[in-house]
Amino acid sequence: MIPESETLVVQGRLFFANRAMCLRGLESYRHAGGPVPAEQDGSWLRYDFSGSVPRATASQVTRAICGAARRAAGGFVDVMVAASLGVRVRAGGSWKVCAPSLPGGANRRLGTLAFRNLQGVSAVAFSPGGTQLATANAAGEIWLWQVTSGELLHQLVGHDAVTTMRGTSSLVQAISFAPDGGMLVSGGLDGIIRIWDPATGKQLKKRSAHTGPEGVLDVAVSPDGTSLASVGSGGVAKIWGARSGRVLAELDCQGIAHRCVFSLLGERLVTLVGRGRCLIWDLTKSEVEHSIEAEYGFENLAISSDGRTLALGHAQHPPSLWDVESGRKLGTMKSPNDRILEHFGCLCFNPAGTHLAVFHWGAYDERSGFLPNSLRLWDVQSGACGPLFEGALKDPRSMSFSPDGKFLVTSGDTGLRGTAPRIWDVAHAKESQLLPGHAAAVCSLSFEPNGRWLASCGEDHSVRVWDLQNGQQVMSLPWDTVLSPFGAFSPDGGSLLVAGGALRIWQPAQAGWSVHPAYREAARRLEFAHGGRLIALSQQGNLSVWAPEGERELLGIPGVVDFCLSFEGGRVLMALEEGGLKLLDLEPVSTTTVSVKGSGFRALALSETRQLCAFIDAEGGLHGFDLIDGVELYARPDAHARSLALTPGGSQLAVGRDDGSIWMLNSMNGEKSCDLRGHCGAVRVLRISPDGSQLASGSEDTTILLWPLKSGHPSP
């Protein structure tokens, strides 16, 4: 909690469909005694709260802003507040940062918001001292993090949105620290380079650098920190004075350069031009000293810390090493296996210059077929390929070693909410425990029947098992299929079944996965019903009911889009491809077709008494339906709902929403009893524990919150 004497400043980005209506409403809210917007830049607003919100928490403040914006637009506005930014507290003229606290009403958070970026990660860089990590995103922001704690220090907002053939974007494409850590330079799709003070988060300078569709593609700071280099649209590399912000030289690259690095003493600049040439410039003469060309060209580069060795890479050829001073080729890295056709991505030397980190993507083995993306360290002296780093990996835009060489950070995919940079332990060739939890949205939850564990599956293609007593992650299992996994514990708790293509089984006593012995179709969803029967939905829309021993199919129903079970698992509600719903009773087996109004189905919920079903339509509207009388009980088209769960007995309905909140409603009339807030991304999945004591919510912010329930209601 924050003392009343201090000033609370919450920073967030508001996204809305009707900006004018939203701003008019917020102005009315201010006149009614609400907080005053301190700054406004496009769709970004900052609010200062002082005495008007005594002892406020971050969640309370973001609720106030979000609620005001929604009321302003009459509910027809899509607002997202980046609550994971935390709050900044000004006390005695100094600033400190508070990490987002556990929201009121929740008793545990599984996973972490540390280093999470709601707009994906497009570039990463460690500060020279290794104490800070900078991550850039597609929303024109750069976030500075404390490495040891994962807390957000500053959010640098400034890069403008531009319209391209792919849409509107504020993508920050490159960031670079000065060697002394006193300056951070960024370049974006808007063609602007900006100079920031990492200590205060203030923008020091802004210069228009490269006008054109590519904008600024790369930036670099000279070793003495007196000059900068930028490349991008226009076919020139520009050298800037760091203090004056003036152009010192323009180097005609005769093509678009997309990478640039300084040599150790700053007397040379290396640029990659197009996909075919590497130019080494003598900056004392502003002319090309060496032009390196190869039959296959170059797409990536890295320079060693001593400035002597240059690594050049191409997508379909192993990296080659070159001497910077002479432009002479030193050798080529050796492919680990001649049988494997590999593709190579970004490169990065470790600080000692002894190893080169190389991203491998889309490898193809003649015997095994396509292999998962990987990250490896190559020995510079021998050219040999080192061990494979453990863990699923997407295509990173950039990589950076920590100054001590112990960690390697890779950027995440852009455009995915809740993505984070991946931090790798170099010595053990695996992902560091600095980032426990999912790296992308949580899409599936399953309680172990005895209440010991919770299994979660995410869009980062991982399956994780959590100890509910201490909140610690006890197991992380990679999932190597294209589809995101969906998991469910068996009724005895002895195994975890996961769908998402192949249907596989994990048992604590086993090492790795085993394939389900009977179910051979590509499954995308599964649940265990009453009596231990397995309900599985295939990719082709076939719903199958299997005997507990899993050796024979009891029932098959085609044309199913989605399904849900009642809390006790005695009934199955199915959404059909042709429209409408079908109810399946398992004891005795019988089916009933239900005609309902609604455009598609996003999520379903079914009461055990067979009287009530609730569903979310394709537009996010919430509907309650009486199955016995065949009438609609209520409809809330403005719910912006994403997930559903009925409490034991069916009296309360939990509704996960796009803004990260959870509504608790009376299931029969749709009236709201309370509002649970704590997520800063859409709530993708809700699950109630077998004993009805806990509600688990999984979100696009990559975390899971546990909410205590008493008699089917949230605890106060």
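Not measured: the values here are computed from a predicted model.

Engineer: I tried to follow the overall build of the chain on my own but got confused; where do I start?
Structural biologist: Across its full length, the chain holds two helices and 65 strands. Classification of the 716 residues of the chain by burial places 57% in the buried group. In the chain, of all internal contacts separated by at least 6 residues, the share reaching a separation of at least 24 is 45%. Accessible surface, the chain: about 29100 Å² in total, of which carbon and sulfur atoms supply 49%.

Engineer: Quick question: what am I supposed to make of the packing of aromatic side chains here?
Structural biologist: Where two aromatic rings form a pair, the distance of their centres and the angle of their planes describe that pair. Per the counting criterion, the structure on display carries six aromatic pairs. On the basis of an interplanar angle of 90° and a centroid distance of 6.1 Å, the ring pair of F298 and W322 is categorised as edge-to-face. One end of the pair, F298, is in the loop between β24 (287-293) and β25 (300-303); the other, W322, is in strand β27 (residues 317-323), and 24 residues separate them in sequence. Assigned by exposure class, F298 and W322 land together as buried. Consider the rings of F389 and W424, whose centres lie 6.0 Å apart with planes at 80°: the pair is edge-to-face. Of this pair, F389 sits in the loop between β33 (385-388) and β34 (399-401) while W424 sits in strand β36 (residues 422-425), and the two are 35 residues apart along the sequence. Residue classification places F389 among the buried residues on the basis of a relative accessible area of 4%. Taken together, the aromatic side chains of F115, W143 and W145 make up a single cluster linked through ring pairs.

Engineer: Quick question: what am I supposed to make of the layout of surface pockets here?
Structural biologist: If a probe as big as a water molecule is rolled over the atoms, it shows which places are left empty. Taken as a whole, the second largest pocket encloses approximately 1400 Å³ of empty space. Lining the second largest pocket are 48 residues, with F486, R525, E527, L686 and R687 positioned closest to its centre. Residue assignment for the lining of the second largest pocket shows that the elements contributing at least two residues are β38 (442-447), β42 (486-489), β46 (523-528), β50 (560-565), β54 (603-606), β58 (641-646) and β62 (683-688). Its residues placed into classes, the lining of the second largest pocket shows 27 nonpolar, ten polar and eleven charged.

Engineer: How should I be thinking about the environment of V545 in this particular structure?
Structural biologist: Structurally, V545 is set in strand β48 (residues 543-546). With 16 residues separating them along the chain, V545 and A529 place their C-alpha atoms 9.0 Å apart. Sequence-distant contacts of V545, defined by excluding residues within four places in its chain, comprise R533, L534, I535, E553, L554, L555, L584 and L586.

Engineer: Would you mind going over the side chain of R464 with me for this structure?
Structural biologist: By secondary structure assignment, the location of R464 is in strand β40 (residues 462-467). At 3.1 Å, the side chain of R464 and the side chain of S462 are in polar contact. A polar side-chain atom of R464 sits 3.2 Å from a polar atom in the side chain of Q473. If near-sequence neighbours (up to four positions away) are discounted, R464 is found in contact with G437, H438, L454, A455, S456, Q473, M475 and S476.

Engineer: So what exactly am I meant to see when it comes to the sheet that holds strand β45 (residues 514-515) here?
Structural biologist: Sheet strands associate in pairs through backbone hydrogen bonding, adopting either a parallel or an antiparallel arrangement. Read from one edge to the other, the open sheet built from four strands follows the order β42-β43-β44-β45, with strand pairing classed as antiparallel. Each of the sheet's edge strands pairs with one partner strand only, and the pair in question is β42 and β45. As defined by bridge partners, β42 adjoins strand β43 (residues 496-499) across four bridges and the pair is classed as antiparallel. When the bridges of β43 are listed, F486 appears paired with A499.

Engineer: Explanation requested: the pattern of salt bridges in the structure shown.
Structural biologist: Pairing between side chains of opposite charge can happen when the charged atoms of each approach one another. Counting across every chain of the model gives 21 salt bridges. A salt bridge links R194 to D160; the nearest nitrogen and oxygen atoms lie 3.6 Å apart. On the criterion of sequence distance, the pair formed by R194 in strand β15 (residues 192-197) and D160 in the loop between β10 (152-157) and β11 (162-164) is long-range, its members being 34 residues apart.

Engineer: How do you make sense of the pairing of strand β13 (residues 172-177) when you look at a structure like this?
Structural biologist: Burial within β13 is extensive, with six of its six residues counted as buried. Pairing of β13 with strand β14 (residues 184-188) involves five bridges; the strand directions are antiparallel. For F177, the partnering residue across the bridge sits in β14 and is L184. Between β13 and β14, which pair antiparallel and follow one another directly, the connecting turn spans six residues, one of which, G181, has a positive phi of 75°.

Engineer: When you look at the confidence of the model for the chain in this model, what are you seeing that I'm missing?
Structural biologist: Predicted coordinates in areas of low pLDDT are best not read in detail. Mean pLDDT over the chain: 80, with 78% of residues reaching 70 or higher. The low-confidence segment residues 1-62 (pLDDT under 50) makes 120 contacts with residues lying over four places distant or belonging to another chain. Taken as a whole, residues 69-99 scores under 50 in pLDDT and shows 91 contacts with residues more than four places along the chain or in a different chain.

Engineer: Explanation requested: the environment of H210 in the structure shown.
Structural biologist: Along the chain, H210 falls in the loop between β16 (202-208) and β17 (216-221). You can call H210 buried: its relative accessible area is 1%. Along the primary structure H210 and S230 are separated by 20 residues, whereas in three dimensions their C-alpha atoms are 8.4 Å apart. Leave out the neighbours within four places in its chain, and H210 touches G191, G215, V216, S230, V231, G232, S233, V236 and K238. At a separation of 3.1 Å, a polar atom in the side chain of H210 contacts the main-chain carbonyl oxygen of S233.

Engineer: Honestly, unusual backbone geometry in this entry has me stumped. Any pointers?
Structural biologist: Trans peptide bonds make up the majority, and among non-glycine residues the majority have a negative phi. Across the junction of E587 and P588, the peptide omega takes the value -15°, indicating a cis bond. When you line up the elements, P588 lands in the loop between β52 (581-586) and β53 (589-594). The backbone of H461 sits at a positive phi, close to 60°, despite the residue not being glycine. Turning to its location among the elements, H461 is positioned in the loop between β39 (453-458) and β40. Unusually for a residue other than glycine, T702 sits at a positive phi of about 80°. Within the secondary structure layout, T702 lies in the loop between β63 (694-699) and β64 (704-710).

Engineer: I keep staring at the sheet that holds strand β7 (residues 123-126) and nothing clicks. Help me out?
Structural biologist: Ordered by their spatial adjacency, four strands build an open sheet running β7-β8-β9-β10, and the pairing between neighbours is antiparallel. Two strands lie at the open edges of the sheet, namely β7 and β10, each paired on one side alone. On average, each strand axis in the sheet is inclined to that of its neighbour by 15°, with strand direction left out of account.

Engineer: Any chance you could explain the state of the cysteines here in plain terms?
Structural biologist: By definition, a disulfide is the covalent link that joins the sulfur atoms of two cysteine residues. The tally for this structure, following the rule as stated, stands at zero disulfides. C260 forms no disulfide, and the closest cysteine sulfur to it belongs to C253, at a distance of 9.2 Å. With a relative accessible area of 2%, C260 lands in the buried category. Lacking any disulfide linkage, C457 is separated from the closest cysteine sulfur, that of C443, by 6.3 Å.

Engineer: Where do I start with the pairing of strand β19 (residues 236-241) in this structure?
Structural biologist: Along any regular strand, the residues point their side chains to alternate faces of the sheet. Burial of β19 is extensive: six of the six residues sit out of reach of the surface. Strand direction decides the pairing type here: strand β18 (residues 227-232) and β19, joined by five bridges, are antiparallel. Directly across from A229, in β19, lies its bridge partner I239. From the end of β18 to the start of β19, which pair antiparallel, there are three residues, and G234 there has a positive phi angle of about 100°. In terms of strand pairing, β19 meets strand β20 (residues 247-252) through five bridges, oriented antiparallel. Within the sheet, the bridge partner assigned to W240 lies in β20 and is V247.

Cut-offs and rules
Residues numbered from 1 in each chain as written. Predicted model: local features only at pLDDT ≥ 70, side-chain atom pairs only at ≥ 80, totals over all residues. Heavy atoms only, no water. Helix = DSSP H or I, 4+ residues; strand = E, 2+ residues; numbered from the N terminus. Buried < 20%, exposed > 50% of the residue type's maximum accessible area, 1.4 Å probe, protein only. Contact = heavy atoms within 4.5 Å. Areas by Shrake-Rupley, 256 points an atom, 1.4 Å probe, with all protein chains shown as cover. Phe/Tyr/Trp six-rings, centres within 6.5 Å; stacked < 30°, edge-to-face > 60°. 1 Å grid on protein atoms, 1.4 Å probe; cavity = no way out; pocket = protein on both sides within 12 Å on 5 of 7 lines; lining within 4 Å. Points joined across faces, edges and corners; volume = space filled by probe spheres on them. Nonpolar A, V, L, I, M, F, W, Y, C, P; charged D, E, K, R; others polar. Polar contact = N/O pair within 3.5 Å; in protein donor to acceptor, adjacent residues only side chain to side chain. Pairing = 2+ DSSP bridges. Salt bridge = Lys/Arg side-chain N within 4 Å of Asp/Glu carboxyl O. pLDDT = per-residue confidence, 0-100. Axes fitted to C-alpha atoms, helices over the stretch in contact; angles between N-to-C directions. Disulfide = S-S within 2.5 Å.

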